[in-house]
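A closer look at the structure
Residue-level listing of the chains:
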Amino acid sequence: MIFIAAKFRVLPEHADRWPEIAGDFTRATRGEPGCLWFDWSRSLDDPAEYVLVEAFRDGDAGAAHVGSQHFKDAQATLPQYLAETPRIVNATIPQDGWSELGELSVPARG
């Protein structure tokens, strides 16, 4: 799968509204057949920073995402709300979902 983590520094005056601002893009991406997940989190240290963790089934799914109309729309509309160009880590990894973090294994309850 293609695994991507990206940091978005949003202009402070738009930070509280970022989930709404990016909402159409988020919903459309989550609806792509090759999207495994597309999840936003807000930094605990910097309220103007959001981290996007996303994954696509394979390179073809990633290419379809980048070629989609909603991606082009996001390219045209989202930068005006950002303080800087987002930073990204992009890797192809040989798995198709989340693995358990064994070092913090939770025993069965009940």
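Everything in this summary refers to the structure shown in the same document. (Residues numbered from 1 in each chain as written. Predicted model: local features only at pLDDT ≥ 70, side-chain atom pairs only at ≥ 80, totals over all residues. Heavy atoms only, no water.)

Describing helix α3 (residues 59-67)
A61, G62 and H65 are the residues of α3 that are buried. End-on, the buried residues of α3 take up no more than an arc of 100°, which puts them together on one face. In α3, the exposed residues that point more than 90 degrees away from the buried face are D60 and A63. Buried-residue contacts for α3 involve α2 (23-30), β2 (35-42), β3 (49-56) and α4 (69-77). Among the residues of α3, the N-terminal cap falls to D58, whose side-chain oxygen and the backbone nitrogen of D60 are separated by 3.2 Å. (Buried < 20%, exposed > 50% of the residue type's maximum accessible area, 1.4 Å probe, protein only. Helix = DSSP H or I, 4+ residues; strand = E, 2+ residues; numbered from the N terminus. Arc of directions from axis to C-beta. Contact = heavy atoms within 4.5 Å. Polar contact = N/O pair within 3.5 Å; in protein donor to acceptor, adjacent residues only side chain to side chain.)

Considerations on the packing of α2 against α4
As a packed pair, α2 and α4 sit with axes 9 Å apart at the nearest point and diverge in direction by 160°. With respect to each other, α2 and α4 are oriented roughly antiparallel. Of the two elements, α2 crosses α4, and the hand of that crossing is left-handed. The segment α2 lies against α4, with F25, A28 and T29 engaging H70, F71 and A74. Taken together, the residues that form the contact of α2 with α4 break down as 4 nonpolar, 2 polar and no charged. (Axes fitted to C-alpha atoms, helices over the stretch in contact; angles between N-to-C directions. Parallel < 35°, antiparallel > 145°, perpendicular 65-115°, else oblique. Left-handed = near helix turned anticlockwise from the far one by under 90°. Nonpolar A, V, L, I, M, F, W, Y, C, P; charged D, E, K, R; others polar.)

Focus: the sheet that holds strand β1 (residues 2-9)
Ordered in space as β2-β3-β1-β4, the 4 strands form an open sheet in which the pairing is antiparallel. Single-partner strands in this sheet number two, and they are β2 and β4 (87-92). Going across the sheet, the axis of each strand differs from the next one's by a mean of 10°, ignoring polarity. Bridge count for β2 against β3 is 7 bridges, and the pairing is antiparallel. Residue pairing in the sheet places D39 in a bridge with V53 of β3. Across the sheet, α2 touches β2 and β3, and the angle it forms with β2 is around 150°. Along the sheet, α3 makes contact with β1, β2 and β3, crossing β3 at roughly 130°. (Pairing = 2+ DSSP bridges.)

All we've got here are geometric facts, nothing functional implied.
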